[in-house]
Every structure is written in structure tokens, then in C-alpha cells.
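Chain and residue survey
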Amino acid sequence: MTTVHIESDIEFAVAQGTPLKLDIYRPDGPAPVPVVLYLHGGGWQVGDKTDGADERLRAIAQYGIAVASADYRFAAEATYPAQVHDVKAAVRWLRAHGHEHGLAVGRIGVWGASAGAYLASMVGLTAKDAELEGAVGGNLDQSSAVDVVVHWFGQSDLLANSRRTWLEKEILNPPFEGPLLGLDDVAADPELARAASPLNRVTGDAPPFLIVHGDRDRVAPAAESLALHDALVRAGAESTMVLLGGAGHEGAEFDRPDHLRLTAAFLLSHLTDDGGAT
């Protein structure tokens, strides 16, 4: 089994007085190694860069990919687009300083789960959007564009995913999308919700996507990922869709060895010249 070296709490930016940090899981072997930026879930309200450290992040690193798992600001501290700015700052930091940590930064991937998948997709789809670039962390001479996106059970249409019937409003938790956008009701500002939705950012210039969703997800329905996949394909971009049978939101199925191996293979095929072949 490949040894994985971990560097923890590396500061990549300070945003509104909040230090933003990342952990690097780097597999043993000759440097530099390909790298993917990972973004945890938690509805933009909770979570930590160490979530899934052993069963997910270290496990992917054992396939020969370094994982940089990063913090971002929560909605209670800053609303959209602050989180996108934070993630783009992490990408720029990796391009500027990743070589100091044994990382190959000519190509960079981004991977996220749930709310992190949303952020990964927004970063992947807005490389040419100056408004979403922000100035968090500096390194503005570096590109925030990414070369491959892995989207696990995230949101693609904030307006559609936040809708509730009167009964659903009584018995379900409030939609996560409201706090992200700084709204009590997302429907109050549909233009903002649409502008902040990956589904409305798709173009033929999108990087390759691997989209994975569970067919029993009751937090973000699989329709969210299916719509994103369909939009990418219709635009002429490369997208691979995997529907995991029986899996709910953050189900254990996503961390099965076979699924992690599939994810690693997809990343390696787009981050290395030889597709990861050894």
C-alpha cells in the first residue's frame, strides 16, 4: 500500500480576517505528482477540510494523486460569491506554490461533495468570469481555471432545488440555498439564484466532468446531476454520469474501493499525459 504524507493547516489565504487553510495528502514516490483540490460538503454551513480524511482523501491519494483539501467560508460569515472566491484563491495558490510541496501544477483538478460539488462546478464553469474571480489570497497572476471536475451529489439549479410546497415547508428543514445567497426565500431573487447556478453557467468550453449521484438521495435529488450532465453534453462538453443504486446523500457507497478507483482513474486520465498508466 502506498504511503501517504500529510501536510496540515497550510494557509493559502486570509479572507475578511479569517485564515483559510488546506491539508495536502501526497502519495509517496517521485515528485511532482498530479493534484486535485477537494471541497467538503455541509450545506455551506458546517463541515471541515478533514472530513473523510481516511476513507476518502487518503484513499484517493493512494492511487497516485495528491489531494489538497481546503477550507472555505460558511454562509453565516459571508454569502455568495465569497465561497467561489475562496476556492479560486486555493486554485491560484496551488499554481503558485504547489511545486514547493511536490505537486504537478500544470494541470489541476477540482472535486467536491454536496455543497463542495456545487463549488467545484462553479469554479470549473466560470474561468472567464472576472466578477467571480475575486482577489482573495492574491496570486492574481495565476490562473484559477481547472482541467477536470468531479461532482459528487451536488446542486446544479439553486432555484429548483430550493422549492418547497406548503407541506414540505412545515415538515422539512429550510433549504440550504437561502443562507448561501443571503435570502430568506430563494424565490425572492430568481435572477441571483439562476446566476449562481452551475446549470446556467454551462458552455462548450467546460472542462471534462465526472458527475456521480445516488438514486436514493433525499437532500439533493439525482435530477440535479442529471440536468447538469445533460446540459454539458448538449453544449458539446465532455461529461460522464454515474448513478449509484441505493445510495443516499453522502452514502457509504461513494467511498467503496471500486468507486474510488473509478474516480481516481478519471482524474488521472485528465491530469497526466499518459492517462495515469504505469
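Residues numbered from 1 in each chain as written. Predicted model: local features only at pLDDT ≥ 70, side-chain atom pairs only at ≥ 80, totals over all residues. Heavy atoms only, no water.

Per an unreviewed UniProt entry, the protein chain goes by Alpha/beta hydrolase fold domain-containing protein and derives from Actinomadura fibrosa.

A word on the packing of aromatic side chains
Heads up, the rule is: When the centres of two rings from Phe, Tyr and Trp lie within 6.5 Å, Trp using its six-membered ring, the rings pair. Their planes under 30 degrees apart give stacked, over 60 give edge-to-face, and anything left gives tilted. What counts as a helix is a DSSP run of H or I of at least four residues, what counts as a strand is a run of E of at least two, and both are numbered from the N terminus. Each residue's exposure class comes from its accessible area (1.4 Å probe, protein chains only) as a fraction of the maximum for that residue type: buried when under 20%, exposed when over 50%, partly exposed otherwise.
In the structure shown here, the tally under the stated rule is seven aromatic pairs. Centre to centre, the rings of Trp44 and Tyr118 are 5.2 Å apart; their planes meet at 80°, and the pair counts as edge-to-face. Here Tyr118 lies in helix H3 (residues 115-125) and Trp44 lies in the loop between strand S3 (33-39) and helix H1 (53-61), a separation of 74 residues in the sequence. On the basis of relative accessible area, Trp44 is assigned to the buried category, the value being 0%.

Thoughts on the nonpolar core
The condition that has to hold: Here, nonpolar core means buried Ala, Val, Leu, Ile, Met, Phe, Trp, Tyr and Cys residues that are tied together by side-chain atoms lying within 4.5 Å of each other.
Formed by 55 residues in total, the largest nonpolar core has its most connected members in Phe12, Leu37, Leu39, Tyr80, Tyr118, Leu181 and Leu232. If you look at the next biggest cluster of nonpolar residues, it comprises 29 residues, including Val36, Val67, Leu267 and Leu271.

Considering the environment of His259
Stated precisely, the cut-off is as follows: The contact criterion used is simple: two residues touch if any of their non-hydrogen atoms lie within 4.5 Å.
Within the secondary structure, His259 sits in helix H10 (residues 257-271). Remark: the alpha-carbon pair of His259 and Val212, spanning 47 residues in sequence, is separated by 9.7 Å. Residue contacts for His259: discarding those within four places in its chain leaves Trp152, Val212, Leu244, Glu253 and Phe254.

Thoughts on the pairing of strand S6 (residues 148-152)
To keep it simple, the criterion reads: Paired strands are those between which DSSP finds at least two bridges.
The element S6 is largely enclosed, with a buried count of five among its five residues. Where strand S5 (residues 103-113) lies against S6, five bridges are found, and the strand directions are parallel. For Gly112, the partnering residue across the bridge sits in S6 and is His151. Here four bridges tie S6 to strand S7 (residues 209-214), and the two strands are oriented parallel to one another. Bridge pairing in S7 links His151 to Ile211.

Observations regarding unusual backbone geometry
Omega for the bond connecting Ala31 with Pro32 falls within 30 degrees of zero, at 0°, which places this linkage in the cis form. Among the structural elements, Pro32 can be located in the loop between strand S2 (18-27) and S3. The omega torsion across Tyr80 and Pro81 is 10°, close enough to zero to call that bond cis. Of note, Pro81 is situated in the loop between strand S4 (66-70) and helix H2 (82-97). Of note in this structure, Ser114 is not a glycine but carries a positive phi near 60°. On the secondary structure map, Ser114 appears in the loop between S5 and H3.

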